[in-house]
Amino acid sequence: MAFLGQEEQIREFQDRFKYIYTVVFIGLGMLLSRMVYLQVLKGDEMRQYSEENRIKKVKIASPRGMIFDRNRTLLIDNRPAFDLEIVPQYFKLATAEERAETFKLLSKILRMPASDIQDVLNKARMQPSFLPVKVKTDLSRDEVAEVESWKISMPGIQVEQEIKRTNIFGDVASHLLGYIGEVSPSDLLQLNAKGQKYKLGDSVGKYGLEQRMEDVLRGQDGEKLVEVDAFGRIKLEHGRSRVFQGAAEKAAVPGKNLILSIDQDLQMAATQAFGDKVGGLVAIDPRSGEILAMVSRPSFDPTSFSRGIPAQLWTQLLNNEHRPLRDKTIQDHYSPGSVFKIVTAIAGLEEGVIDANTKFHCAGKMQVGNRPYHCHKKGGHGDLNVTSAITESCDIFFYRVAQKLGVDKIAKWATYLGLGRRTGISLAREVPGLIPTEAWKKKRFGQEWNGGETLSVAIGQSYVLTTAIQLANLYASIANGGTVYRPFLVREIETYEGQVLKNFKPEIVETHRLRPETLAAVKQGLWGVVNSPHGTAILSRLPGMDFAGKTGTVQVIRLAADKIYGKCENMKWRERHNAMFAGYAPSNDPKIAVAVIGEHACHGASGAAPIAKAVIKTYLQKYYPELYSDKVIAARLKGEAAGLKLPKAPVQDDITPDDGNDTTLPEPPAPNRED
Amino acid sequence: MTHTAMESPVPHDESSLRVGLYDEEFKKFNWNLLLIQVVLFGIGLWNLMSATAVEDKSQGLYRTQLLWFGVGTCLTALILLVHYSFFSRIAYVIYFMNLLLLAAVLVVGKESLGAKRWIGVGGLRMQPSEFMKLSMVLCLAKYFENDRTVGGLGVKELIPAGLLVAIPSALIMLQPDLGTAMIILLVFGSMMMFLKIKPQVLIAIAICGAIALPTAYKVALKPYQRQRIVTFLDPMTDPKGAGYNSIQSMIAVGSGKLFGKGYKKGTQSQLNFLPEHHTDFIFSVFSEEHGFVGCAVLLAMYMAFMISGLAVAYQSHDKFGLLLAFGIMSIFFWHTFVNMGMVMGILPIVGVPLPFLSYGGSSLLTSMLGVAILTNIANKKFMF
């Protein structure tokens, strides 16, 4: 029987229990002696640590990278801001009188009613009590000094130094620089899924370069141990601590700096030139694709966002008729109007349907089918070749060219030149614009292309939509002879110590060497726009600083025929024409290309060209003073002896009428909203 | 021949119990362990009310603990209704079911603090690795019940037994739960040592271990686990990171001095300086508030528990009961020793709960089941 057979074995086992008891006694004895050591022998010391030296881990916020313009003018900096906080877990430990006294003192120092402070505390009741509650942000220096001097009688109160992201030039360039904000729970999931380590309360780039370059700009937070007393007041930093002497802290690593291609002086010049006008401007170096200026008006001051946006300010921005939160250079697309005519001209010349000498007659209107197409000049321009057609912005001439080309050939050249697709600038939310083709219309609307629409496309109307940055890039590629660059904003990334980590090189997207005759004819026409007596932008002429370009004035709503020639300024703001200008300078050796969109600014010549002119002048005089400083120009003009008699011709408005033909004109695709 | 419940080492009948044929002590029901359990749980709950008064995620959790105690009491009553030889019969079934649960944890488990240890049952969470300790002891007791090896266990006996332990240990390491896996290995080791291992085999194992340990340290341990060992050897290398817990815990224990800071007045715990103050570090809350005197009383309670439990094993008259009781007691011993040792800085930080004091349903339930089985063994030794 197995069971009975166990008896001997069990007796044997029982013998072994003396060892087992020994092990247990030794084990528990060790624990007991450790208790004696810690609690009896070291008790006083340990008690002291816990009473006086409570060690807390404190985050050392790392500064975000700074952003500079091309000449190392500081654009975005981190500046200290001071907040007043209450730590409930320590505050609660104080007696009722102490708390009341604290409220009284605080309300006096901060000039806010004690009941408000109590409210803030009440609201935070649901969160863990060791988390500080912010009572007031952005304390003044005086307030900070006063709080610090009274601190000893205010348990649980602390002044926290935070970093405030500061846009030094306020609302200038805020669209491209962007802003940061507190990371939202949904951001958190997304960011941390990519292996980042963000916590609630951290800041993250939300818009513009701050968003796109987040990985570069963000630093690594450090940690340090501080000793706090029973009421949470920081006593000693760990280096001077008695408990953790010699323990190394983890230093914060600042984010990397960005050096932009932007020139702050151009930004200022453009902003000034815009004044109250609404719209956007992009200036590009045609030799590299570097963006020299990028301005969208009206704007906002990101500094007021960096520590949380006051709700009132936010709604105000959202509801503003002029949409300050949208970047009008890349997020909105517009009908380019006459600015687009050079594309038709290039297509015509390169496809061989016209040459530089081909002339068409403009009688002010032409009949297509049973419908008249008007030129913006009521009486007509007479006989013109392509150069004078560009200069005088004759609609009829380009209608004729378009009839010979067909829409698909125009679209082909528009696409070559970078239209109808995103330029690829490193900013989020860029819209691609639209260049229609027969196939596109078939697909989009299920309808055949109609010949009249081709005429509208030829003058940048109908379905054609472009962004300011596309137009600037288009004129840059004309200026450089047919190379389309990817526009870029960041030239260099460097460490906070100034060591260059990365240099960004120009990137060619497309090259279509245009024939010299084509370039000559188009460029001559563009020069004429600004410099010939018949040019539409003659008033923006810069003597001694030839620049070339094209104006455009685009109706935004359909007007009755008699109203087309009515005075734009008398209309409601929303109904006024959009003003366009795109060009480059100097015309013989282009160094800058500019596009301007003036929303409802009435005339390309008066609403857009002067803004471009201001930027061009600032740029040329700043970078090429040997050629364009006022003194040099005065000397040169004098040298040109006979001089140019400045023509006083009336301004021709090259308005492109909404031809009423495109009844299916789509609403522009709804652009992305950033809110 | 297999063992059946009807075979008894000492001939007796039902009436023999009633008339007190044997020693007076035996006819009375052995309440020792149940009583000590109630006292320890009472201290634990009272302490938990202080630990979970801290305003954080643990606030008010002692109520859940009380609920689990109710569940445990019901299970205890159930266990006392059957004879423990029943467990001998279903030992392997329990073991495999528990193994399945462990595997399920890895697939459908809930993750918390980077480890997958729980599976949800209704609204409650269960930690199969806790129960695995008990299942494994049951399984080993069953496995060695009929072992007749003379002169100690050899490789032939150790390898199958080792496999029975290695599989759940591996699954638990995968969660990863180093603490529980370590306890299982310690319990296994204790049981094997108790059963006696052939001296030459023991020496061979020691040599293999000396070679394998450094390799395991490098290969099997996660960086954070390695960090803990380094930190244990010298907490000051990383006082703000891995060493932080150890230092804060030691300060908590030591600052209790002779009589403690008073109930709910432990600053280290109440001010959140202590990590996991309601689970693994619960002892530091107790020792901070009740000082050396409180700790000594608590330790004495554990001592009484150990002695009573081992007495059950000692007095067991069949091998299965003896091994089972011994195994269960070694679980209690190692838990107590490792947890307190860790809190007081004489052992590295591994997540091991303190029986009856740490918050945690699965842990409490496992302890109570263990006590129930021990009580069963203590009271049924002549009752077949």
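Anyway, here's the lowdown on the structure attached to this text. Here the residue index of a chain counts from 1 through its sequence in written order. Chain letters and ligand numbers both follow the written order, the letters beginning at A and the numbers at 1. Only residues with pLDDT of 70 or above have their local features reported here, since the model is predicted, and side-chain atom pairs are shown and tallied only from 80 upward, although totals for entire chains, interfaces and linings are computed over all residues. By convention in this description, side-chain values take in all heavy atoms of the structure and omit both hydrogens and water.

1. What to know about the overall build of chain B
At step 1: Every helix listed is a DSSP run of H or I at least four residues long, and every strand listed is a run of E at least two residues long, numbered separately from the N terminus. Each helix and strand in chain B was counted, giving 15 helices and three strands.
At step 2: For every residue, the accessible area obtained with a 1.4 Å probe (protein chains only) is divided by the maximum for its type, and the residue is called buried under 20%, exposed over 50%, and partly exposed between those limits. Burial statistics for chain B: of 384 residues in total, 56% are counted as buried.
At step 3: Looking at chain B alone, contacts between residues at least 24 apart form 73% of all its contacts between residues at least 6 apart.
At step 4: Each accessible area value is a Shrake-Rupley result obtained with a 1.4 Å probe; residue values ignore everything except the protein chains displayed when judging cover. Carbon and sulfur atoms make up 71% of the accessible area of chain B, which amounts to about 15,700 Å² in all. Note on definitions: a residue-residue contact is assigned when non-hydrogen atoms from the two residues lie within 4.5 Å.

2. Focus on the overall build of chain A
At step 1: Each helix and strand counted, chain A has 24 helices and 24 strands in total.
At step 2: The proportion of buried residues among the 675 residues of chain A is 54%.
At step 3: Taking all contacts inside chain A whose residues are at least 6 apart in sequence as the whole, residues at least 24 apart take part in 74%.
At step 4: For chain A, the accessible surface area stands at approximately 29,300 Å², while carbon and sulfur atoms represent 52% of it.

3. Section: unusual backbone geometry
At step 1: Between Ala 585 of chain A and Pro 586 of chain A the backbone carries a cis peptide bond, its omega angle lying at -20°.
At step 2: Structurally, Pro 586 of chain A is set in the loop between β22 (578-585) and β23 (592-599).
At step 3: Put simply, Gln 175 of chain B and Pro 176 of chain B share a cis peptide bond, and its omega is -5°.
At step 4: Relative to the helices and strands, Pro 176 of chain B resides in the loop between α7 (155-174) and α8 (178-195).
At step 5: Its identity as a non-glycine residue notwithstanding, Asp 138 of chain A has a phi of 50°, on the positive side.
At step 6: Along the chain, the position of Asp 138 of chain A falls in the loop between β4 (133-136) and α6 (141-150).
At step 7: By relative accessible area, Asp 138 of chain A is classed as partly exposed at 34%.
At step 8: Phi at Ala 173 of chain A takes a positive value of approximately 70°, unusual for a residue other than glycine.

4. Observations regarding the environment of Ile 43 of chain B
All names here are of chain B.
At step 1: Tracing the sequence through the fold places Ile 43 in helix α3 (residues 32-51).
At step 2: Look at Ile 43 and you get buried, because its relative accessible area is 17%.
At step 3: It is 9.2 Å that separates the C-alpha atoms of Ile 43 and Phe 286, two residues lying 243 residues apart in sequence.

5. Details of helix α13 (residues 282-315) of chain B
Residues and elements named next belong to chain B.
At step 1: The first and last C-alpha atoms of α13 sit only 33 Å apart over 34 residues, clearly below the 50 Å expected at 1.5 Å per residue.
At step 2: Bend, in this description, refers to the angle at a residue between axes fitted to the seven residues ending there and the seven starting there. In α13, a bend of some 125° at Gly 291 exceeds every other bend along the element.
At step 3: Burial runs high along α13: 25 of the 34 residues are buried. Expected helix span is given by 1.5 Å per residue-to-residue step, counting one fewer step than there are residues.

6. Notes on the side chain of Thr 166 of chain A
All names here are of chain A.
At step 1: Position of Thr 166 among the secondary structure elements: in strand β5 (residues 157-167).
At step 2: For Thr 166, a relative accessible area of 11% puts it in the buried group.
At step 3: Those residues within four positions of Thr 166 in sequence are excluded, and the remaining contacts are Leu 75, Ile 76, Asp 77, Arg 79 and Thr 303.

7. A few points about the packing of aromatic side chains
In this description, an aromatic ring pair is defined by two values, namely the gap between the centres and the angle between the planes.
At step 1: Centres within 6.5 Å make a pair out of two Phe, Tyr or Trp rings, where for Trp the six-membered ring is used; the pair is then stacked when the planes are under 30 degrees apart, edge-to-face when over 60, and tilted otherwise. One pass over the full model with this rule turns up 33 aromatic pairs over all chains.
At step 2: With a centroid separation of 5.4 Å and 90° between ring planes, the pair formed by Phe 17 of chain A and Tyr 314 of chain B is classed as edge-to-face. With Phe 17 of chain A in helix α1 (residues 2-41) and Tyr 314 of chain B in helix α13, this residue pair bridges two chains.
At step 3: A relative accessible area of 1% places Phe 17 of chain A in the buried class.
At step 4: The structure contains a cluster of three or more aromatic residues connected by ring pairs, namely Phe 13, Phe 17 and Tyr 21 of chain A together with Phe 194, Tyr 314 and Phe 326 of chain B.
At step 5: We call a charge positioned above a ring when the Lys NZ or Arg CZ atom is no farther than 6 Å from the ring centre and deviates by at most 35 degrees from the ring normal. Above the ring of Tyr 624 of chain A, the side-chain terminus of Lys 591 of chain A is found at 4.7 Å from the ring centroid.

8. A short note on the nonpolar core
At step 1: Here, the term nonpolar core denotes a set of buried Ala, Val, Leu, Ile, Met, Phe, Trp, Tyr and Cys residues that are joined through side-chain atoms within 4.5 Å. Counting 123 residues, the largest nonpolar core has Leu 176, Leu 260, Leu 281, Met 294, Leu 489 and Ile 592 of chain A as its most contacted members.
At step 2: Ranked by residue count, the leading element in this core is helix α19 (residues 468-479) of chain A, at nine residues.
At step 3: Other than its neighbours up to four places away in sequence, Ile 592 of chain A contacts Leu 266, Ala 283, Ile 284, Pro 286, Leu 292, Gly 583, Tyr 584, Ala 585, Val 615, Ile 616 and Tyr 619 of chain A.
At step 4: With 117 residues, the next largest nonpolar core counts Leu 38 of chain A together with Leu 45, Phe 286 and Val 352 of chain B among its residues.

9. Observations regarding the pairing of strand β14 (residues 365-368) of chain A
The two faces of the sheet receive side chains in turn, since in a regular strand these alternate between them.
All names here are of chain A.
At step 1: By the convention used here, strands pair only if DSSP detects at least 2 bridges between them. Bridge analysis of β14 against strand β15 (residues 371-374) gives four bridges, and the strand direction is antiparallel. Within β15, the position partnered with Met 366 by the bridge is Tyr 373.
At step 2: Counting the residues between successive antiparallel strands, the hairpin from β14 to β15 contains two residues, one of them, Gly 369, with a positive phi of roughly 60°.

10. Things to note about the pattern of salt bridges
Residue and element names in this part refer to chain A.
At step 1: By convention in these notes, a salt bridge is any Lys or Arg side-chain nitrogen within 4 Å of a carboxyl oxygen on Asp or Glu. In the structure shown here, the tally under the stated rule is 37 salt bridges over all chains.
At step 2: Note that Arg 72 is salt-bridged to Glu 492, the shortest N-O span being 3.3 Å. Taken together, the positions of Arg 72 in the loop between β2 (67-68) and β3 (74-86) and Glu 492 in strand β18 (residues 490-494) put the pair 420 residues apart, joining distant regions of the chain.
At step 3: A single salt-bridge network, built from bridges that share partners, covers Arg 64, Arg 165, Glu 210 and Glu 214.

11. Some details on the packing of helix α5 (residues 85-108) of chain B against helix α6 (residues 128-145) of chain B
Residue and element names in this part refer to chain B.
At step 1: Here an axis means a line fitted to C-alpha atoms, over the contact stretch when the element is a helix, while the angle between two N-to-C directions is reported on a 0 to 180 degree scale. Running from N to C, α5 and α6 point in directions that differ by 145°, and their axes come no closer than 8 Å. α6 is crossed by α5, and the crossing has left-handed handedness. On α6, the residues that touch Phe 87, Ser 88, Ala 91, Tyr 92, Ile 94, Tyr 95, Asn 98, Leu 99, Leu 101, Leu 102 and Val 105 of α5 are Pro 128, Ser 129, Phe 131, Met 132, Ser 135, Met 136, Leu 138, Cys 139, Lys 142, Tyr 143 and Glu 145.
At step 2: Each residue is assigned to one of three groups, with Ala, Val, Leu, Ile, Met, Phe, Trp, Tyr, Cys and Pro labelled nonpolar, Asp, Glu, Lys and Arg labelled charged, and all others, Gly among them, labelled polar. Per-class residue counts for the contact of α5 with α6 are 16 nonpolar, four polar and two charged. Crossing handedness is read from the near helix: turned anticlockwise from the far helix by less than a right angle, it gives a left-handed crossing, and turned clockwise, a right-handed one.

12. Remarks on the pairing of β23 of chain A
All names here are of chain A.
At step 1: Most of β23 is tucked away: eight of the eight residues are buried.
At step 2: In β23, alternate side chains face the same way, and those of Ile 592, Val 594, Val 596 and Gly 598 on one face and Ala 593, Ala 595, Ile 597 and Glu 599 on the other are all buried.
At step 3: Bridge analysis of β22 against β23 gives seven bridges, and the strand direction is antiparallel. Bridged to Ala 579 within β23 is Gly 598.
At step 4: From the end of β22 to the start of β23, which pair antiparallel, there are six residues.

13. Quick notes on the environment of Ala 609 of chain A
All names here are of chain A.
At step 1: Topologically, Ala 609 is positioned in helix α22 (residues 604-623).
At step 2: By relative accessible area, Ala 609 is classed as buried at 0%.
At step 3: Distance in space between the C-alpha atoms of Ala 609 and Ala 595 is 8.9 Å, their sequence separation being 14 residues.
At step 4: Residues within four places of Ala 609 in sequence aside, it is in contact with Ala 537, Ser 540, Phe 581 and Gly 604.

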